[in-house]
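Examining the three-dimensional arrangement
So the chains spell out like this:
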Amino acid sequence: MERFTNFTYELDGNLYLNLTSRCTNDCTFCVRNDKAEYFGHKLWLAREPSPEEVLARIPADIARYKEYVFCGFGEPTMRLDALTAIGKALKARGATVRLNTNGQAELLYGRDVSEELSLAVDKINVSLNEANAADYEKLCRPRFGQKAFASLQDFARHCAARGIETWFSVVDVIGEDKIEACRKIAQDCGVTLRVRKYIP
Ligand code: SF4
């Protein structure tokens with residue numbers, strides 16, 4: 001697969017920050033499985049950028065983008081130090097910062113990382129994807145096995161308790177019964193649930 005250095009990309013009035021192509025999941029639906037690009041943006045990284053390299057691509061007019069979003073082809077929390085350094089710098093300039101994550105940072109680092117995240121991001125979208133641990137494991141094939149599902153709930157609970165606007169996301173194809181079960185999980189964690197339309 002060809003590799004690129006697109007550390008940032010624009011989409012829907014937001015600027016996306018692409019820190020890594022690594023991930024603790026290997027989701028069956030991941031766009032990385034068969035494409036090097038996403039909405040025309042070539043995102044497989046040739047190397048991982050330093051915080052300075054990412055910040056050099058931020059416009060002088062910070063208000064040019066609605067949100068600055070840690071997302072990309074990999075899992076942004078794989079680069080927690082870079083993420084927090086960039087997020088803090090952006091917030092100091094008045095930006096709204098969002099993190100899209102699989103929620104496995106507590107397993108990855110063996111600790112609660114919500115305090116440092118609360119200094120670096122305003123919003124967190126945790127991909128819940130499924131309604132139970134067994135189905136999550138089948139769909140997302142996490143490196144940590146089934147315990148990833150409980151851990152991502154702890155992660156969301158801790159982030160919400162720190163005052164970060166936190167929500168779970170699922171795609172509507174899982175069906176009404178599972179969506180209802182996901183709603184209950186979200187409620188128990190003190191976060192909201194957002195149901196996205198499936199995009200083939
Ligand atoms: S969590 Fe995201 S980046 Fe990681 S494998 Fe799943 S879809 Fe791909």
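Before going into details, it helps to say that this report is about the structure given with it. (Residues numbered from 1 in each chain as written. Predicted model: local features only at pLDDT ≥ 70, side-chain atom pairs only at ≥ 80, totals over all residues. Heavy atoms only, no water.)

1. Observations regarding the overall build of the protein
If you tally the helices and strands in the protein, you get 7 helices and 9 strands. A compact globule built from 200 residues would reach a C-alpha radius of gyration of about 16 Å, and the protein, at 16 Å, matches this within 12%. For the protein, the C-alpha atoms occupy an extent of roughly 45 × 40 × 30 Å along the three principal directions. A buried classification covers 51% of the 200 residues belonging to the protein. A sequence separation of at least 24 residues applies to 77% of the contacts in the protein between residues at least 6 apart. Here the protein has roughly 9500 Å² of accessible surface; of this, 49% comes from carbon and sulfur atoms. Separation between the mean location of the 28 positive side-chain charges and that of the 28 negative ones in the protein comes to 2 Å. (Helix = DSSP H or I, 4+ residues; strand = E, 2+ residues; numbered from the N terminus. Rg over C-alpha atoms; globule rule 2.2 N^0.38 Å. Buried < 20%, exposed > 50% of the residue type's maximum accessible area, 1.4 Å probe, protein only. Contact = heavy atoms within 4.5 Å. Areas by Shrake-Rupley, 256 points an atom, 1.4 Å probe, with all protein chains shown as cover. Lys, Arg positive; Asp, Glu negative; His and termini not counted. Charge placed at Lys NZ, Arg CZ, Asp CG, Glu CD.)

2. Digging into the pairing of strand β9 (residues 192–196)
Walk down a regular strand and you will see the side chains alternate between the two sheet faces. As paired elements, strand β8 (residues 165–171) and β9 share 5 bridges and run parallel to each other. What sits directly across from V170, in β9, is V195. Crossover connection from β8 via helix α7 (residues 176–189) to parallel β9: handedness right-handed. (Pairing = 2+ DSSP bridges. Right-handed = clockwise from strand over helix to strand, strands pointing away.)

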